[in-house]
Amino acid sequence: MNTKALLISTFAVGLSFVGGFFIANALNRAEMEGLKKENERLTGIAKEAEQRSTEGTLSSDEIRQKIAEADKNPENIKFNTDLGIALYRYAAMKKDVELLGESVRILERVAAAEPKNADVLVALGNAKFDIANFGSQNQLFAEARTIYEKVIPLRPDDSNVRTDIALTHFLTQPPDLEKAVSEFEKAIAKDPKNERAIQFMVQAQWQKGDLEAAMVTLERLKTVNNLNPAIPELTTLLTRTPPTQ
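Residues numbered from 1 in each chain as written. Predicted model: local features only at pLDDT ≥ 70, side-chain atom pairs only at ≥ 80, totals over all residues. Heavy atoms only, no water.

*Asks:* In this structure, what is going on with unusual backbone geometry? I would like to understand it.
*Replies:* Excluding glycine, most residues fall at negative phi; most peptide bonds, likewise, are trans. The peptide bond linking Gln 173 to Pro 174 adopts the cis configuration, its omega dihedral lying at -5 degrees. With respect to the secondary-structure elements, Pro 174 resides in the loop between helix 9 (159-171) and helix 10 (177-190). Phi at Lys 95 is positive, roughly 55 degrees, even though this residue is not glycine. Inspection of the secondary structure assignment puts Lys 95 in the loop between helix 5 (77-94) and helix 6 (97-113). Of the residues examined, Lys 95 reaches a relative accessible area of 32% and is grouped as partly exposed. Phi is positive for Ser 136, close to 55 degrees, though the residue is something other than glycine. Following the sequence through the fold, Ser 136 ends up in the loop between helix 7 (118-134) and helix 8 (139-151). Taking relative accessible area as the criterion, Ser 136 reaches 41% and is therefore assigned partly exposed. (Helix = DSSP H or I, 4+ residues; strand = E, 2+ residues; numbered from the N terminus. Buried < 20%, exposed > 50% of the residue type's maximum accessible area, 1.4 Å probe, protein only.)

And the structure:
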(Lines give C-alpha, C1' and ligand atoms only; values in the text may rest on other atoms or scores of the structure.)
Protein backbone atom coordinates (compact mmCIF):
# COMPACT_ATOMS: atom_id res chain seq x y z
CA MET A 1 0.00 0.00 0.00
CA ASN A 2 3.02 2.36 0.27
CA THR A 3 3.53 4.29 -2.93
CA LYS A 4 5.85 6.77 -4.58
CA ALA A 5 4.75 10.26 -5.56
CA LEU A 6 2.72 10.29 -8.80
CA LEU A 7 1.76 13.38 -10.79
CA ILE A 8 -1.65 13.04 -12.36
CA SER A 9 -1.68 15.46 -15.20
CA THR A 10 -5.34 14.90 -15.98
CA PHE A 11 -6.40 15.86 -12.48
CA ALA A 12 -6.17 19.62 -13.01
CA VAL A 13 -8.60 20.82 -10.38
CA GLY A 14 -6.49 23.11 -8.28
CA LEU A 15 -5.21 20.54 -5.78
CA SER A 16 -1.50 21.15 -6.34
CA PHE A 17 -1.09 22.68 -2.88
CA VAL A 18 -2.10 19.38 -1.34
CA GLY A 19 1.11 17.81 -2.62
CA GLY A 20 -0.48 14.85 -4.36
CA PHE A 21 0.61 12.25 -1.81
CA PHE A 22 -2.78 10.77 -1.05
CA ILE A 23 -3.73 10.83 -4.71
CA ALA A 24 -0.63 8.81 -5.55
CA ASN A 25 -1.29 6.54 -2.61
CA ALA A 26 -4.72 5.66 -3.93
CA LEU A 27 -4.16 5.54 -7.65
CA ASN A 28 -0.89 3.78 -8.42
CA ARG A 29 -2.59 0.48 -8.69
CA ALA A 30 0.51 -1.37 -9.78
CA GLU A 31 2.25 -0.66 -6.50
CA MET A 32 -0.86 -0.55 -4.35
CA GLU A 33 -2.89 -3.52 -5.55
CA GLY A 34 -1.10 -5.19 -8.44
CA LEU A 35 0.83 -7.67 -6.32
CA LYS A 36 -1.60 -7.83 -3.40
CA LYS A 37 -3.78 -10.51 -4.91
CA GLU A 38 -1.54 -13.12 -6.51
CA ASN A 39 -3.17 -15.00 -9.33
CA GLU A 40 -2.54 -18.65 -8.52
CA ARG A 41 -3.14 -19.53 -12.15
CA LEU A 42 0.09 -17.81 -13.20
CA THR A 43 2.29 -20.81 -13.95
CA GLY A 44 5.17 -21.81 -16.18
CA ILE A 45 6.94 -19.12 -18.17
CA ALA A 46 4.29 -16.51 -17.58
CA LYS A 47 4.53 -16.96 -13.82
CA GLU A 48 8.32 -16.70 -14.00
CA ALA A 49 7.96 -13.54 -16.06
CA GLU A 50 5.74 -11.93 -13.43
CA GLN A 51 8.09 -12.86 -10.59
CA ARG A 52 11.07 -11.52 -12.47
CA SER A 53 9.18 -8.37 -13.41
CA THR A 54 8.86 -7.39 -9.77
CA GLU A 55 12.65 -7.30 -9.67
CA GLY A 56 12.88 -5.23 -12.85
CA THR A 57 14.99 -7.89 -14.61
CA LEU A 58 12.96 -8.50 -17.76
CA SER A 59 14.70 -7.46 -20.94
CA SER A 60 12.91 -5.90 -23.89
CA ASP A 61 13.78 -8.92 -26.03
CA GLU A 62 12.32 -11.34 -23.47
CA ILE A 63 9.10 -9.38 -23.33
CA ARG A 64 8.79 -9.18 -27.11
CA GLN A 65 9.45 -12.91 -27.42
CA LYS A 66 6.60 -13.72 -25.07
CA ILE A 67 4.26 -11.29 -26.81
CA ALA A 68 5.15 -12.86 -30.16
CA GLU A 69 4.52 -16.32 -28.73
CA ALA A 70 1.08 -15.24 -27.53
CA ASP A 71 0.30 -13.75 -30.94
CA LYS A 72 1.32 -16.98 -32.67
CA ASN A 73 -0.87 -19.03 -30.33
CA PRO A 74 -4.08 -17.04 -29.84
CA GLU A 75 -6.00 -20.24 -29.17
CA ASN A 76 -3.88 -20.91 -26.09
CA ILE A 77 -6.14 -18.96 -23.77
CA LYS A 78 -4.28 -20.02 -20.63
CA PHE A 79 -0.96 -18.69 -21.89
CA ASN A 80 -2.51 -15.48 -23.21
CA THR A 81 -4.35 -14.95 -19.93
CA ASP A 82 -1.28 -15.48 -17.78
CA LEU A 83 0.94 -13.35 -20.00
CA GLY A 84 -1.64 -10.57 -20.37
CA ILE A 85 -2.09 -10.21 -16.61
CA ALA A 86 1.65 -10.52 -15.89
CA LEU A 87 2.45 -8.00 -18.62
CA TYR A 88 -0.14 -5.56 -17.25
CA ARG A 89 1.37 -5.72 -13.77
CA TYR A 90 4.90 -5.26 -15.08
CA ALA A 91 3.96 -2.38 -17.40
CA ALA A 92 1.92 -0.63 -14.72
CA MET A 93 4.75 -0.93 -12.22
CA LYS A 94 7.10 0.57 -14.82
CA LYS A 95 4.47 3.12 -15.93
CA ASP A 96 5.18 1.99 -19.49
CA VAL A 97 2.25 3.13 -21.65
CA GLU A 98 3.45 1.20 -24.70
CA LEU A 99 3.58 -2.09 -22.82
CA LEU A 100 0.24 -1.33 -21.20
CA GLY A 101 -1.11 -1.08 -24.73
CA GLU A 102 0.31 -4.53 -25.51
CA SER A 103 -1.32 -5.94 -22.39
CA VAL A 104 -4.63 -4.43 -23.49
CA ARG A 105 -4.35 -6.10 -26.87
CA ILE A 106 -3.65 -9.52 -25.35
CA LEU A 107 -6.30 -9.16 -22.65
CA GLU A 108 -8.91 -8.06 -25.18
CA ARG A 109 -8.18 -11.26 -27.11
CA VAL A 110 -8.80 -13.31 -23.98
CA ALA A 111 -11.89 -11.32 -22.99
CA ALA A 112 -13.41 -12.01 -26.41
CA ALA A 113 -12.96 -15.75 -25.77
CA GLU A 114 -13.93 -15.63 -22.08
CA PRO A 115 -16.26 -12.64 -21.62
CA LYS A 116 -17.10 -13.66 -18.04
CA ASN A 117 -13.54 -14.00 -16.81
CA ALA A 118 -13.59 -11.39 -14.05
CA ASP A 119 -9.82 -11.48 -13.46
CA VAL A 120 -9.18 -10.70 -17.11
CA LEU A 121 -11.80 -7.95 -17.21
CA VAL A 122 -10.39 -6.28 -14.10
CA ALA A 123 -6.86 -6.39 -15.51
CA LEU A 124 -8.09 -5.04 -18.84
CA GLY A 125 -9.99 -2.22 -17.16
CA ASN A 126 -6.98 -1.44 -15.00
CA ALA A 127 -4.69 -1.33 -18.02
CA LYS A 128 -6.93 1.16 -19.82
CA PHE A 129 -7.31 3.18 -16.62
CA ASP A 130 -3.54 3.38 -16.23
CA ILE A 131 -3.02 4.37 -19.86
CA ALA A 132 -5.53 7.17 -19.32
CA ASN A 133 -3.65 8.13 -16.16
CA PHE A 134 0.00 7.73 -17.18
CA GLY A 135 -0.54 8.65 -20.82
CA SER A 136 -3.01 11.50 -20.33
CA GLN A 137 -5.52 9.81 -22.64
CA ASN A 138 -8.71 11.12 -21.12
CA GLN A 139 -11.09 9.12 -23.34
CA LEU A 140 -9.79 5.83 -21.96
CA PHE A 141 -11.34 6.50 -18.56
CA ALA A 142 -14.74 5.91 -20.18
CA GLU A 143 -13.48 2.72 -21.85
CA ALA A 144 -12.12 1.47 -18.54
CA ARG A 145 -15.46 2.23 -16.89
CA THR A 146 -17.35 0.20 -19.51
CA ILE A 147 -15.13 -2.79 -18.74
CA TYR A 148 -15.44 -2.39 -14.97
CA GLU A 149 -19.21 -2.31 -15.32
CA LYS A 150 -19.05 -5.78 -16.89
CA VAL A 151 -17.37 -7.03 -13.73
CA ILE A 152 -20.14 -5.89 -11.37
CA PRO A 153 -22.62 -8.70 -12.29
CA LEU A 154 -19.77 -11.19 -11.80
CA ARG A 155 -18.53 -9.64 -8.54
CA PRO A 156 -21.43 -7.63 -7.13
CA ASP A 157 -19.71 -7.15 -3.76
CA ASP A 158 -16.37 -5.97 -5.15
CA SER A 159 -15.89 -2.58 -3.51
CA ASN A 160 -12.59 -1.95 -5.28
CA VAL A 161 -14.13 -2.22 -8.73
CA ARG A 162 -16.91 0.14 -7.61
CA THR A 163 -14.23 2.56 -6.45
CA ASP A 164 -12.48 2.35 -9.81
CA ILE A 165 -15.76 3.11 -11.58
CA ALA A 166 -16.13 6.17 -9.37
CA LEU A 167 -12.57 7.26 -10.15
CA THR A 168 -13.22 7.13 -13.89
CA HIS A 169 -15.93 9.73 -13.33
CA PHE A 170 -13.78 11.74 -10.92
CA LEU A 171 -10.58 11.88 -12.95
CA THR A 172 -12.00 12.37 -16.41
CA GLN A 173 -11.97 15.94 -17.70
CA PRO A 174 -14.34 17.49 -17.06
CA PRO A 175 -15.25 15.32 -14.05
CA ASP A 176 -18.78 14.10 -13.38
CA LEU A 177 -18.84 14.71 -9.65
CA GLU A 178 -22.45 13.63 -9.12
CA LYS A 179 -21.78 10.21 -10.59
CA ALA A 180 -18.42 9.96 -8.85
CA VAL A 181 -19.94 10.58 -5.42
CA SER A 182 -22.78 8.16 -6.17
CA GLU A 183 -20.33 5.40 -7.11
CA PHE A 184 -18.09 6.08 -4.12
CA GLU A 185 -21.17 5.69 -1.93
CA LYS A 186 -21.92 2.33 -3.55
CA ALA A 187 -18.34 1.21 -2.96
CA ILE A 188 -18.49 2.22 0.69
CA ALA A 189 -21.84 0.49 1.11
CA LYS A 190 -20.17 -2.75 -0.02
CA ASP A 191 -17.13 -2.18 2.19
CA PRO A 192 -17.52 0.49 4.90
CA LYS A 193 -13.77 0.32 5.55
CA ASN A 194 -12.64 1.00 2.00
CA GLU A 195 -10.26 3.85 2.77
CA ARG A 196 -9.50 4.63 -0.85
CA ALA A 197 -13.19 5.14 -1.62
CA ILE A 198 -13.72 7.23 1.51
CA GLN A 199 -10.78 9.56 0.98
CA PHE A 200 -11.63 10.17 -2.66
CA MET A 201 -15.24 10.82 -1.76
CA VAL A 202 -14.00 13.59 0.56
CA GLN A 203 -12.24 15.18 -2.41
CA ALA A 204 -15.21 14.75 -4.75
CA GLN A 205 -17.61 16.25 -2.23
CA TRP A 206 -15.26 19.17 -1.61
CA GLN A 207 -14.79 19.80 -5.30
CA LYS A 208 -18.56 19.62 -5.71
CA GLY A 209 -18.87 22.36 -3.11
CA ASP A 210 -20.52 20.19 -0.46
CA LEU A 211 -18.19 21.06 2.40
CA GLU A 212 -20.46 19.76 5.15
CA ALA A 213 -20.72 16.33 3.55
CA ALA A 214 -16.96 16.28 2.95
CA MET A 215 -16.31 16.99 6.62
CA VAL A 216 -18.62 14.16 7.66
CA THR A 217 -16.85 11.79 5.27
CA LEU A 218 -13.45 12.86 6.59
CA GLU A 219 -14.59 12.03 10.12
CA ARG A 220 -15.63 8.64 8.82
CA LEU A 221 -12.14 8.09 7.46
CA LYS A 222 -10.67 8.96 10.85
CA THR A 223 -12.97 6.41 12.45
CA VAL A 224 -11.90 3.71 10.02
CA ASN A 225 -8.19 4.51 10.32
CA ASN A 226 -7.01 7.56 12.19
CA LEU A 227 -3.47 6.89 10.93
CA ASN A 228 -4.42 7.17 7.26
CA PRO A 229 -1.67 9.41 5.79
CA ALA A 230 -4.18 11.35 3.70
CA ILE A 231 -5.98 12.78 6.74
CA PRO A 232 -3.73 15.84 7.33
CA GLU A 233 -3.84 16.83 3.68
CA LEU A 234 -7.58 16.26 3.41
CA THR A 235 -8.02 18.39 6.52
CA THR A 236 -6.05 21.17 4.84
CA LEU A 237 -8.02 20.70 1.63
CA LEU A 238 -11.30 21.35 3.41
CA THR A 239 -10.05 24.77 4.53
CA ARG A 240 -9.74 25.83 0.90
CA THR A 241 -12.31 27.19 -1.49
CA PRO A 242 -13.34 24.56 -4.06
CA PRO A 243 -12.41 25.26 -7.69
CA THR A 244 -15.11 26.79 -9.86
CA GLN A 245 -16.90 24.22 -11.96
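*Asks:* When you look at the packing of helix 7 against helix 8 in this model, what are you seeing that I'm missing?
*Replies:* In a packed pair of helices, the relevant descriptors are the angle between the two axes and the axis-to-axis distance. For the pair helix 7 and helix 8, interaxial distance at closest approach is 8 Å and the crossing angle is 165 degrees. With respect to each other, helix 7 and helix 8 are oriented roughly antiparallel. The element helix 7 and its partner helix 8 pack so that their crossing is left-handed. Contact residues: Ala 118, Leu 121, Val 122, Leu 124, Gly 125, Asn 126, Lys 128, Phe 129, Ile 131, Ala 132 and Asn 133 in helix 7; Leu 140, Phe 141, Glu 143, Ala 144, Ile 147, Tyr 148, Lys 150 and Val 151 in helix 8. Its residues assigned to classes, the contact of helix 7 with helix 8 comprises 13 nonpolar, three polar and three charged. (Axes fitted to C-alpha atoms, helices over the stretch in contact; angles between N-to-C directions. Parallel < 35°, antiparallel > 145°, perpendicular 65-115°, else oblique. Left-handed = near helix turned anticlockwise from the far one by under 90°. Contact = heavy atoms within 4.5 Å. Nonpolar A, V, L, I, M, F, W, Y, C, P; charged D, E, K, R; others polar.)

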